[in-house]
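# Observations on chain architecture
Residue-level listing of the chains:
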Amino acid sequence: MFKLLGAFCILGSCGYIGVRISSIYKKRTEIFRFLQNGLTLLETEISYCSTPLPLALERVGKKINKDCQPLFVRAAAVLKENKGVTAAEAWQAGVEALGHEVPLTKEEKELLFIFGHGLGGSAKEEQVKNIALTQKQLNVLEKAAEEEQARNQKMWQYLSFSIGAVIVLILI
Amino acid sequence: MNIELIFQIAGIGILTSIFHIVLKQAGKEEYSFIATLAGVAIALIMVVQLLAELLNQVKGVFFL
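## Let's talk about the interface of chain B and chain A
- Taken together, the contacts link eleven residues of chain B with twelve residues of chain A.
- For chain B, the biggest contributors to the area lost against chain A are Q8, L15 and F19 of chain B; these three give 42% of the whole.
- Counting across the interface, chain B meets chain A through zero salt bridges.
- Counting across the chain B and chain A interface gives four residue pairs in polar contact (both at pLDDT 80 or more).
- Per-element tally for the side of chain B that touches chain A: the top contributor is helix α1 (residues 4-25) of chain B, with eight residues.
- In terms of residue class, the side of chain B that touches chain A is built from eight nonpolar, two polar and one charged.

## Notes on helix α4 (residues 87-101) of chain A
Residues and elements named next belong to chain A.
- Between the first and last C-alpha of α4 there are 21 Å, a value that for 15 residues agrees with the 21 Å anticipated at 1.5 Å per step.
- Taken residue by residue, α4 has A87, A88, A90, W91, G94, V95, A97 and L98 as its buried positions.
- Elements that come into contact with the buried residues of α4 comprise α1 (2-49), α2 (53-63), α3 (69-81) and α5 (106-117).

## So, the nonpolar core
- If you look at the biggest cluster of nonpolar residues, it comprises 33 residues, and the most contacted ones within it are L35, L42, L57, F72 and W91 of chain A.
- Those elements that place two or more of their residues in this core are α1, α2, α3, α4, α5 and α6 (124-171) of chain A.
- Setting aside anything within four residues of it in sequence, one finds W91 of chain A in contact with L57, L71, F72, A75, L112, F115, G116 and L119 of chain A.
- Core analysis: the next-biggest nonpolar cluster, separate from the first, contains twelve residues, M155 of chain A together with I12, L15 and A26 of chain B among them.

## Brief notes about the packing of aromatic side chains
Residue and element names in this part refer to chain A.
- Applying the stated criterion across every chain yields a total of two aromatic pairs over all chains.
- Consider the rings of F72 and W91, whose centres lie 5.7 Å apart with planes at 75°: the pair is edge-to-face. Here the residue F72 occupies a position in helix α3, and W91 occupies one in helix α4, the gap between them amounting to 19 residues.
- When its relative accessible area of 1% is taken as the criterion, W91 is described as buried.
- Of the aromatic side chains, those joined through ring pairs into one cluster are F72, W91 and F115.

Thresholds applied
- Residues numbered from 1 in each chain as written.
- Chains lettered and ligands numbered in written order.
- Predicted model: local features only at pLDDT ≥ 70, side-chain atom pairs only at ≥ 80, totals over all residues.
- Heavy atoms only, no water.
- Contact = heavy atoms within 4.5 Å.
- Buried area = accessible area lost by both parts, 1.4 Å probe.
- Salt bridge = Lys/Arg side-chain N within 4 Å of Asp/Glu carboxyl O.
- Polar contact = N/O pair within 3.5 Å; in protein donor to acceptor, adjacent residues only side chain to side chain.
- Helix = DSSP H or I, 4+ residues; strand = E, 2+ residues; numbered from the N terminus.
- Nonpolar A, V, L, I, M, F, W, Y, C, P; charged D, E, K, R; others polar.
- Expected span 1.5 Å × (residues − 1).
- Buried < 20%, exposed > 50% of the residue type's maximum accessible area, 1.4 Å probe, protein only.
- Core = buried A, V, L, I, M, F, W, Y, C linked by side-chain atoms within 4.5 Å.
- Phe/Tyr/Trp six-rings, centres within 6.5 Å; stacked < 30°, edge-to-face > 60°.

Shown next, in the form of structure tokens:
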């Protein structure tokens, strides 16, 4: 009786870990999609409304999906709180905050950092160009993340249950 | 001789083949090879103990 209960516990926990890991892949794809949306919103704020950057970031942060929120909210907060901080530094802090939520590779972080360097330091047209370029690159990243998701999501689900079953078999 | 062990080894064999297929489909051939090797090693460890028992019994038969 206890053996059976333990076996179910091991199977359940291993399966849960697998589902959690596979959900990270899904989250990454979504993050890149919503970041593109966020940049579109930011572009509107910059080019159409000419909103100051802290306010623009805050507004975008309010409108955007929950997973992407830390990036914009943190950047806006850093810009508002600290006097003398550049937009690039604030954006960098935002990217780091996003990195805590979702695992990002070094190249992906680098891409976002580079975008931050063009933020708030030039004319409107330049910034709009910068946003368009970053959106294109994010689109490429989204495609790659989607491919990765298709390959790895199923694998982790099957694998975690099988690992649980092997542990149960060895222990019984 | 308990029959459980045979089922255990059979189960490990089946799960090892599942590992192999899943990892290969995910494009991770090197890991699938390692997983298969680990499965074989685990099964071998179980069998070796039984083999040692068998050898001891054979020795006992001939009073060695």
